[in-house]
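Each chain, written out:
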Amino acid sequence: MPDPARPAGAAPSASVLVWLAQAAWRQQPGTLLAAVVAVALGVALASGVHLVNRSALTAFAGALATVNGQADVRISGPFGSLEDALLEPIEALAGVRAASPVIESEILLNATGSTSVALPLLAIDPFRAAAIQPALAATLGGELVGPLDDPDAGTGDDPADPASRAAGADGGASSATADGTADSAPAAPLAADRVALSPAARRALGVDDGAIVHARTPLGPVRLRVAGVAPAATADERLAVMDIAAAQWWLDMTGRLTRVDVRLLPGSDPRAIAEQVRELDPNLVTSTPDAERSRMSNLSRAYRVNLNVLALVALLTGGFIVQAAMSLAAARLASSLALLGLLGAPSAFAARSLWVLALAVGTVGALLGLLLGLALAWSLLQLVGGDLGGGYFASQPAPLHPDAVALAGFAALGLVAALAGTWGPARRLARLAPMRTLRGGLIDPRPDRRRRLLASAALAALALALLWAPAIGGLPWAAYVSMGCALLAAIALIGPLLGWLASRLERCFPPAWRSPPAWLAIARLADQPGAAAIALSGVVASFALVTAMGVMVHSFRSSVDQWLLAVLPADLYLRARTAGSNGAFDQAAQEALRTIPGVESVRFLRSLELTVTNGTAPITILARELDPADPARDLPLTGAILPVDGEAADCLRVFASEPAEIRLGWRLGTRLTLPFPGAPCAIVAGVWRDYARQHGALVLALADYRRLSGDDTVGDASLTLAAGTDAASVIAEARRRLQPRIELQARSAGEIRALSLDIFDRSFALTRALEAVALLVGLFGVMTTFAGEAQARQREFGLLRHLGFTRRQITIQFASEALLSIGVGVALGAALGALLAQVLIHRVNPQSFHWRMSTDWPLASILASAFVLIVVGVLAAALVTRRSAGQAPIVAVRADW
C-alpha cells in the first residue's frame, strides 16, 4: 500500500519518466530486448500470415475479374456443363442485356522438343463476349482469320481440315452475327487454329507469336498457332484463350458449354434471373462473381484463421515474456523509485514509469514486427505462393498487397500485449512502500493460493462448457475461446502448484542434509513462488502450443498414412492427361488396358463435380467399381452399412465421405436427390474416411452412374499386376497403345503415397515453423528471465557469500531453482498441450476442415523439446549466476551498511 507519510508533490515531467526508462534499458538491455523480440515475432507472424492470404485472395479476385469481366450472373450445369441450346432461351429472359457462352477447361500444350504444360483454358465467342468480357474478346478480335497458313497445318494423324471441323460443330456457339443474335447458317470459323497465351504461359512454353504448339485432345493431337496475348491478373498467371467453336470440337464438347455469363439490364435483380433460370431448367445453377469470391475465401478461411490463431498464441507468449521483463525492471527500479517517493514524487509515479517503459517496448516491438511481417509475407509469396502450402490457391508467386488497416491492428495488438504484460508489475509498484523498499527491495508477495485456485477452476469449467458449443459461421470460435480459457487456467495454477510442490519437498529435505544450496533453492521457491511463476507463464504457453500442435500434426499425418494404405490397394494407377472432359478413357481405351500382358485386373474411376444446391460449394462424385456384397473391401468405411431392405430397397445406394457427413449432415440413412435425369431417390448407405476432398464426396457404383448418365468414359484406372510382372513394361505398353491421343500419368501406390505425404508436409510446413518460433520464444524468454533475475539478486548472492557460500554453491542453488521451476512449467505445459491437442483433433479440425482422426503421440519429439528447454534454461541460469556471484561480497551488500 502507498506510504501515508509520503509528501505530496507536483507531478514529475515527462522527461523524468523518459530518463527512468532509459536507465532501465541501460541496466537490463538483454531482458528488455527479449521482450521486444517476443512482441515483434508475434506481430510478424500474425501480420505475415494475414498479408499472404490477403494477397492470394486479391490475386484470385483479379483473375475472376479478368474471366468474368462485367458479368452479373453465371449460369452453369450441375455436372460442370450445359447444352448450348439453352443459350438463346437465356438471352431471351427478362432483364438480360447480353449472354456470353464460355468453356472453361484445361489444355495440355507443348512446343517442339518441350514437355507438356497444363494451362487453364477459356474458350469464348468473341462477338458475344465483347459485351461482357471485352479484354478476352479483344484477344481473339485481331485474329479472326482462316486456318493455319502451313500446308501441313492439320491435326497430324487426322487429315481433316481443322477450320471445316470447327465450322461444322453442330450449332457452334460462334455462329452469331455482330449484333449478338443467332444466325441460322453456320458462320466462318473464327481463329479456329489459334490460341492466345498469357505472358506467363508463353514463358513456360518458351514461345512467341507465330510459334506452333501441340495440344492433346480427346480427338487426337492438334497443332495450334500462338496468336494474341491473353490478359492475366498477375505476371505469373498462366492462361490460354481460344474460340469456342474450335474448343467444342477439339475437346469433344460439341453442343456443350461450361457456363453462360450474363450481363443484366440496369435495375434487374439477380434473384429474379435465378428464378427464371430454375423455371427454364431446375438443374441449372446460378451464382454471382461476388459469390464465387466468397466461396474461395470461405474455402481457405478455416486454414487462414487457424494459422492466425497460432500466430496470436505466439504473441500471447510474448506478452508473458514482457510480464517477466517488467517484473525484473520493477525490481531493479524499486529502490530508485522509492527514493523519489520519499523526495516528493506522487504515489502514481512509480507505476507510471513502468507504463512508459512498457509503451517503449511495445512500440519498438510492434514496429519491428510490422517490418518483419512484410518481409515474411514477401518471402512466403515467393517461396510457396499464396496458398501457404494449403493448396487452396495457385502456387505461383502472387504480388504483395499490403493492408494498412490490418497492419495497424496487428501493431495495436502488439502494443496491447506489452501493456497487458505490464499490468501486474505496475500494480505492485503502485503499492510501493518507500522506506521498506529502500531497506529490502521489492519483495514478491506470496500468491493468494485460494483465489488463484478458484480462478483456475472457474476458467477450466468455462473451457469445458465451451467445448460443446457448435461452430459459428463454419469456424470453431467457441473451441478457440475454450483453449484460451484452458491456457489462462493453467497459468493461474502455476504459483500455487509451484509453492505447494516446493513446500512438500522442503518438508522432506531438512537443512541437516548434505546439500544446503539445493535446500535453500527449495526454501526460496516455497517462500516466493510468485517470481518464478511470472517467468514460467511464457514457458507454459509456448510448450503447450508446441505440444498441442505437434500431437495434432503427427496424429493427422499418421491418419493420412493409414488412410493411403487403405485406399491404394492396386500396384499401378493411371490417369489420362488430355484437354476437356475428365473421362478420357473411352471403351476402346479401357479394353486396351485390360488386355495388356501381365495385368491381372483393372478397376476404373469416373470423377466429376456436383453442385447440390445454389450457393453451396460443389462436392465430388466418384463413380467406381464396388463390391455390392461388401463395400468395405473398396472403401475405408467408418461405421455400419445400411442393410438392403425396407423402404430403402428401391433407392440408389451412395456412400458419403466424412466431410460430407460433417458439413452437409449426410448421415447413414439420409435421402438425397441427385440431378440425374430420371434418377431414383438416393440414400446414404455408409460413411467413409476421405482426406483428399475437404468439402465432401459421394461414391456410387460405376454401373449405376453409367446407367443414369449414359457416360461410359472414365478418367482413372488402377491396375493389379500378376506376380513377377515389371511395372515399367506395363506402363510402356499402356503408353504405346494409347498414345498419341492420350498422355498417361502413371504412378505406383508407393509413389502416390510418398507424393501425398510430401504434399501434407508442405501444407503443414508453416505450422511447424510456428511451433519452432513458439519454442524459440520460450527458450529466449527463459534465458533472459533467469539472467535478469540473477542480476537483480546480486545483493542476496553477496549476503550468501558473507555467510560462507562459495560461487559454486550459489550457482548450484540458482540452477536448482531453475531446474525445479522450469521442470514444473514444462510438465504443466505438456499436460495442457495434451488436452489442447484433443480439442484440436476432436473439435477444431472437424468444425474447420470436416476431418476426423485418431490421436497418435509423438513422445520422442515432445521429450526432446522438453529436454532442450530445461537444459538451456538451467545452463543459462548457471552461467549468469556464476558471473553475478563473482562480485566482491562487500560491494554486493554495501547498500545494507
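Residues numbered from 1 in each chain as written. Predicted model: local features only at pLDDT ≥ 70, side-chain atom pairs only at ≥ 80, totals over all residues. Heavy atoms only, no water.

Describing an aromatic ring pair means giving the distance of the ring centres and the angle of the ring planes. This model, assessed by the stated rule, comprises seven aromatic pairs. Look at Phe 556 and Trp 851: their rings are 5.3 Å apart centre to centre, the planes differ by 50°, and that puts the pair in the tilted class. One end of the pair, Phe 556, is in helix H17 (residues 529–567); the other, Trp 851, is in the loop between helix H25 (807–849) and helix H26 (859–884), with 295 residues separating them in the sequence. These aromatic residues form a ring-pair network of at least three members: Phe 556, Trp 563, Tyr 691, Phe 760, Phe 849 and Trp 851. (Phe/Tyr/Trp six-rings, centres within 6.5 Å; stacked < 30°, edge-to-face > 60°. Helix = DSSP H or I, 4+ residues; strand = E, 2+ residues; numbered from the N terminus.)

Attention now moves to unusual backbone geometry. One non-glycine residue, His 850, lies in positive phi territory at about 65°. The residue His 850 is located in the loop between H25 and H26 in this model.

Before going further, it helps to examine the sheet that holds strand S14 (residues 619–624). Pairing in this open sheet of nine strands is mixed, and the strands run S16-S17-S15-S18-S14-S13-S19-S12-S20 from one edge to the other. Since the sheet does not close on itself, it has two edges, and those belong to strand S16 (671–672) and strand S20 (743–748), each with one partner. Pairing geometry for strand S13 (residues 599–610) and strand S19 (residues 716–721), over six bridges, is antiparallel. Note that in S19 the partner of Ser 601 across the bridge is Thr 720. (Pairing = 2+ DSSP bridges.)

Turning our attention to the pairing of S19. The buried fraction of S19 is high, at five of six residues. Looking at chain direction, strand S12 (residues 572–577) and S19 are connected through four bridges and run antiparallel. Paired with Leu 572 across the two strands is Leu 719, which belongs to S19. (Buried < 20%, exposed > 50% of the residue type's maximum accessible area, 1.4 Å probe, protein only.)

So, about the pairing of strand S18 (residues 697–701). Consecutive residues of a regular strand have side chains that alternate between opposite faces of the sheet. Along S18, five of the five residues are buried, which leaves the element largely enclosed by surrounding structure. Note that strand S15 (residues 652–657) and S18 share three bridges and pair antiparallel. The residue of S18 that forms the bridge with Val 654 is Leu 700.

Evaluated as defined, the whole model comprises 23 salt bridges. The partner of Arg 74 in a salt bridge is Glu 104, and the shortest N-O contact between them spans 3.6 Å. Remark: Glu 104 occurs in strand S3 (residues 96–111) and Arg 74 occurs in strand S1 (residues 73–76); sequence separation between them is 30 residues. Between Arg 633 and Asp 627 there is a salt bridge, with the nearest N and O atoms lying 3.1 Å from each other. (Salt bridge = Lys/Arg side-chain N within 4 Å of Asp/Glu carboxyl O.)

Overall, the prediction assigns the protein chain a mean pLDDT of 78, with 77% of residues at 70 or greater. Ranking the elements of the protein chain by mean pLDDT puts helix H6 (residues 162–167) last, at 40, and S19 first, at 93. (pLDDT = per-residue confidence, 0-100.)

Further remarks concern the side chain of Thr 811. Its place among the elements puts Thr 811 in helix H25. With residues up to four places along the chain from it excluded, the contact list for Thr 811 reads Ala 878, Thr 881 and Arg 882. (Contact = heavy atoms within 4.5 Å.)

Contact geometry for helix H24 (residues 794–802) and H25: axes closest at 10 Å, N-to-C directions at 135°. One finds that H24 runs oblique with respect to H25. The handedness of the crossing between H24 and H25 is right-handed. Across the interface between the two elements, Glu 796, Phe 797, Leu 800 and Arg 801 from H24 touch Arg 807, Ile 810, Gln 813 and Phe 814 from H25. Looking at the contact of H24 with H25 residue by residue, the class counts come to four nonpolar, one polar and three charged. (Axes fitted to C-alpha atoms, helices over the stretch in contact; angles between N-to-C directions. Parallel < 35°, antiparallel > 145°, perpendicular 65-115°, else oblique. Left-handed = near helix turned anticlockwise from the far one by under 90°. Nonpolar A, V, L, I, M, F, W, Y, C, P; charged D, E, K, R; others polar.)

Okay, the state of the cysteines next. Across all of its chains, the model carries one disulfide by this definition. Across the disulfide, Cys 651 is cross-linked to Cys 681 (sulfur-sulfur distance 1.9 Å). Judged by the torsion about the S-S bond (-90°), the Cys 651/Cys 681 disulfide is left-handed. With Cys 651 in the loop between S14 and S15 and Cys 681 in the loop between S16 and strand S17 (682–688), the pair connects residues that are 30 residues apart, well separated along the chain. (Disulfide = S-S within 2.5 Å.)

As a further point, take the nonpolar core. Counting 126 residues, the largest nonpolar core has Met 326, Leu 354, Phe 556 and Leu 832 as the members making the most contacts within it. Those residues in contact with Met 326 that sit more than four places away from it in its chain are Leu 32, Leu 354, Leu 357, Ala 358, Val 361, Thr 422 and Pro 425. If you look at the next biggest cluster of nonpolar residues, it comprises 43 residues, including Leu 652, Leu 674, Tyr 705 and Val 730. (Core = buried A, V, L, I, M, F, W, Y, C linked by side-chain atoms within 4.5 Å.)

Turning our attention to the environment of Ala 131. Along the polypeptide, Ala 131 turns up in the loop between helix H4 (126–129) and helix H5 (134–141). Taking the C-alpha atoms as reference points, Ala 131 and Val 262, separated by 131 residues in sequence, lie 9.7 Å from one another. Excluding its chain neighbours within four sequence positions, the residues that come into contact with Ala 131 are Ala 98 and Arg 263.

This brings us to a nonpolar patch on the surface. On the surface, Trp 857, Leu 859 and Leu 863 cluster together to form a nonpolar patch covering roughly 340 Å² of accessible area. Mapped onto the elements of the fold, Leu 863 is located in helix H26. (Patch = residues over 30% accessible without salt bridge, like charges linked within 9 Å, V, L, I, M, F, W, Y side chains within 5 Å. Areas by Shrake-Rupley, 256 points an atom, 1.4 Å probe, with all protein chains shown as cover.)

Helix-helix packing is described using two parameters, namely the angle between the two axes and the distance between the axes. Where helix H15 (residues 477–507) meets helix H16 (residues 516–527), the closest approach of the two axes is 8 Å, and the angle between their N-to-C directions is 140°. Accordingly, the angle class assigned to the pair H15 and H16 is oblique. For the pair H15 and H16, the crossing hand works out as left-handed. Listed contacts from H16 to Leu 498, Gly 499, Ala 502, Ser 503, Leu 505 and Glu 506 of H15 are Trp 519, Ile 522, Ala 523, Leu 525 and Ala 526. Residues that form the contact of H15 with H16 fall into these classes: eight nonpolar, two polar and one charged.

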